[in-house]
Amino acid sequence: MTDMNNQDHDDRTALDGDDEDQDFGLEDDSGAVIAAVGRQIKLWRESAGLRAAELGTAIGYSENLVFKVEGGRRIPKPEFLDRTDDAVGAGGKISAMKKDVEEARYPKKVRDLTKLEAEAVELGAYAGVVIHGLLQTEEYARALYRERRPAYTEDNIERLVAARMARQVVFDRRPAPLLTFVQEEATLRRRTGGRMALRRQLEHLLELSQLRHVEIQVMPMEAEEHAGLGGSHQVLKLKDGKTVGHNEVQLISGLITNPREVQILEMRYNLIRAQALTPRLSREFIEKLLGET
């Protein structure tokens with residue numbers, strides 16, 4: 001019984017994200033990458049003359065898990081790949097796929113956005129419906145995904161939350177990019193995830209606002225002038241001097257590269273910042289909301 005419990009634990013820790021089947025979207029290339037990795041593992045196993053159960057025993061995981069990884073229905077962690085590489089004598093060829101597997105953990109649109117954020121020297125974002133993804137706590141992000149309809153499976157929720165949290169490495173980049181955000185007041189009042197979740201989210205915003213390269217502003221509901229009524233968006237200025245925009249509304253998430261359209265988004269964002277409360281007054285406003293929550 002103890003050995004079986006230990007193997008169950010190893011099966012769970014061998015996976016990236018949740019231990020349920022990953023549900024890859026048709027528009028995403030992640031499924032194809034994981035399927036290709038699984039096929040390679042199966043070919044190496046068969047070439048080594050091992051059955052799935054024998055490979056599982058050799059690397060400390062169950063036969064069932066091996067079959068699911070080979071079938072592209074599980075995302076293996078690095079240690080699974082390393083142990084398999086040793087067991088089948090692949091000479092590092094399976095271990096070399098760790099980078100591809102790591103990238104495939106997240107949806108393609110998230111990977112593309114993360115790459116842009118990594119290249120940005122300045123990022124400005126207006127969020128009118130929810131707290132911007134880069135500012136969200138894990139608890140808040142999970143609550144948001146649980147509200148989506150049609151409902152996501154728990155494994156997809158965990159995958160998406162992990163992807164959102166991974167993007168937040170942008171705050172730790174050096175040299176640090178300038179990161180500015182304008183949050184609609186309503187997003188700071190809506191109790192997404194419950195009262196305590198909102199409190200922790202507001203506390204997180206106050207912590208981030210203390211960073212010297214981060215400015216968070218609030219667009220108060222009483223503001224009569226508002227250039228952001230067309231919806232949430234962000235503008236990224238990249239290292240190579242280019243400026244791009246990004247929109248995400250309902251079922252559409254898209255990059256905007258047309259110079260005229262980007263210019264319009266940039267103009268609107270600059271106006272939004274001018275119309276919102278200053279960073280200092282915004283901190284005071286968030287502190288007041290925290291006291292009321």
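Residues numbered from 1 in each chain as written. Predicted model: local features only at pLDDT ≥ 70, side-chain atom pairs only at ≥ 80, totals over all residues. Heavy atoms only, no water.

Considerations on helix α9 (residues 154–167)
Because an α-helix completes one turn every 3.6 residues, residues spaced three or four positions apart along the sequence face the same direction. Counted at 1.5 Å a residue, the expected span for α9 with its 14 residues is 20 Å, and the 20 Å between its end C-alpha atoms agrees. All of the buried residues in α9 are Asp155, Asn156, Ile157, Arg159, Leu160, Val161, Ala163, Arg164 and Arg167. (Helix = DSSP H or I, 4+ residues; strand = E, 2+ residues; numbered from the N terminus. Expected span 1.5 Å × (residues − 1). Buried < 20%, exposed > 50% of the residue type's maximum accessible area, 1.4 Å probe, protein only.)

Structural notes on the confidence of the model for the protein
Per-residue confidence for the protein gives a mean pLDDT of 87, with 86% of residues at or over 70. Low confidence marks residues 1–5, where pLDDT is under 50. Its contacts with residues over four positions away, or in another chain, come to zero contacts. Predicted confidence for residues 12–27 stays below pLDDT 50, and this span has 45 contacts to residues more than four positions away or in other chains. (pLDDT = per-residue confidence, 0-100. Contact = heavy atoms within 4.5 Å.)

Quick notes on the pattern of salt bridges
Under the defined criterion, the tally for this structure stands at 15 salt bridges. Between Glu215 and Arg273 there is a salt bridge; the shortest N-O distance is 2.5 Å. One end of the pair, Glu215, is in strand β3 (residues 214–219); the other, Arg273, is in helix α12 (residues 259–275), and 58 residues separate them in sequence. For Glu215, a relative accessible area of 30% gives the class partly exposed. If you follow the salt bridges from partner to partner, you end up with Glu185, Arg189, Lys288 and Glu292 in one network. (Salt bridge = Lys/Arg side-chain N within 4 Å of Asp/Glu carboxyl O.)

Re the pairing of strand β2 (residues 178–184)
Where burial is concerned, most of β2 is hidden: six out of the seven residues are buried. Pairing of strand β1 (residues 120–127) with β2 involves six bridges; the strand directions are parallel. Bridging across to β2, Tyr126 finds its partner in Val182. Relative to β3, β2 is paired through six bridges, and the arrangement is parallel. By the bridge assignment for β3, Thr180 is matched with Glu215. (Pairing = 2+ DSSP bridges.)

Some remarks on the nonpolar core
In terms of nonpolar packing, the biggest core is built from 29 residues, with Phe171 and Phe181 touching the most fellow members. Here this core gets five residues from one element, more than from any other, and that element is helix α11 (residues 195–209). Apart from residues no more than four positions distant in its own chain, Phe171 is found in contact with Leu134, Leu135, Leu179, Phe181, Leu208, Leu211, His213 and Val214. (Core = buried A, V, L, I, M, F, W, Y, C linked by side-chain atoms within 4.5 Å.)

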